[in-house]
Amino acid sequence: VSKIYELCNGTQFKEMDEVDFFHAINLHPDTHPLQINQGEKVRVCYLISRLGATLETPSKEEWTNTILDRLDIKPQFFRSKYRQPVSDMPSDANAEFASAVKEIFGK
């Protein structure tokens, strides 16, 4: 999560303390909420899909639904946009972000 924090803090999400980021990503109660920066929602969807893929079912579905709710991302929007950064013709910013995330996850 530290590498995700380094990549996303202040870019995809509004700046926050690393411990608060860790707690928010791990859905700890009573944490400072993550706030998506303007124009970053699609990249956050991609990040959520990659993070969710590391979890076992049913935890994956529960975590994904909860984080989407906390970030105020509709499931329909998520399903339609999460692959955009790795689509056939992604924007330069999306391709760069997807590459950085792939490097963190090792694939």
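Note that the coordinates shown come from a computational prediction; the quantities given were computed from them, not determined experimentally.

Participant: Help me understand unusual backbone geometry in this model?
Facilitator: Trans is the common state for peptide bonds, and a negative phi is the common state for residues other than glycine. Of note, the amide linkage connecting T57 to P58 takes the cis form, showing an omega dihedral of 5°. Examined against the element boundaries, P58 turns out to sit in the loop between α3 (41-52) and α4 (59-70). A positive phi angle, close to 60°, is found at L27, a residue other than glycine. By the secondary structure assignment, L27 is in the loop between α2 (18-25) and α3. The backbone of D72 shows a phi angle near 60°, a positive value even though the residue is not glycine. Residue placement: D72 occurs in the loop between α4 and α5 (75-81). For D72, a relative accessible area of 54% gives the class exposed.

Participant: Help me understand the pattern of salt bridges, please; the structure alone is not making it clear to me.
Facilitator: It is possible for side chains of opposite charge to pair when their charged atoms get near one another. Applying the stated criterion across every chain yields a total of 2 salt bridges. Residue E40 is joined to R43 by a salt bridge in which the shortest nitrogen-to-oxygen separation is 2.8 Å. The two residues E40 and R43 agree in class, both being buried. The salt bridge partner of D72 is K74, with a shortest N-O separation of 3.9 Å. Side by side, D72 and K74 carry an identical accessibility label, which is exposed.

Participant: Which parts of the structure should I look at to understand the packing of aromatic side chains?
Facilitator: Considering all chains together, one arrives at 4 aromatic pairs under this definition. One aromatic cluster is present, formed by Y5, F13 and F21 through successive ring pairs. We note K41 situated over the ring of F77; from NZ or CZ to the ring centre the distance is 5.0 Å.

Participant: Even after reading the chapter, I still don't get the nonpolar core, so can you show me in this structure?
Facilitator: Residues F13, F21, L34, L47, I48, L71 and I73 are the most contacted members of the largest nonpolar core, which totals 25 residues. Elements represented by at least two residues in this core include exactly α1 (2-8), α2, α3, α4 and α6 (92-105). Counting residues per element, this core draws most heavily on α3, which supplies 6 residues. L34 has contacts with F13, M16, F21, A24, I25, I67 and L71, leaving out every residue within four places of it along the chain.

What counts as what
- Residues numbered from 1 in each chain as written.
- Predicted model: local features only at pLDDT ≥ 70, side-chain atom pairs only at ≥ 80, totals over all residues.
- Heavy atoms only, no water.
- Helix = DSSP H or I, 4+ residues; strand = E, 2+ residues; numbered from the N terminus.
- Buried < 20%, exposed > 50% of the residue type's maximum accessible area, 1.4 Å probe, protein only.
- Salt bridge = Lys/Arg side-chain N within 4 Å of Asp/Glu carboxyl O.
- Phe/Tyr/Trp six-rings, centres within 6.5 Å; stacked < 30°, edge-to-face > 60°.
- Lys NZ or Arg CZ within 6 Å of the ring centre and 35° of its normal.
- Core = buried A, V, L, I, M, F, W, Y, C linked by side-chain atoms within 4.5 Å.
- Contact = heavy atoms within 4.5 Å.

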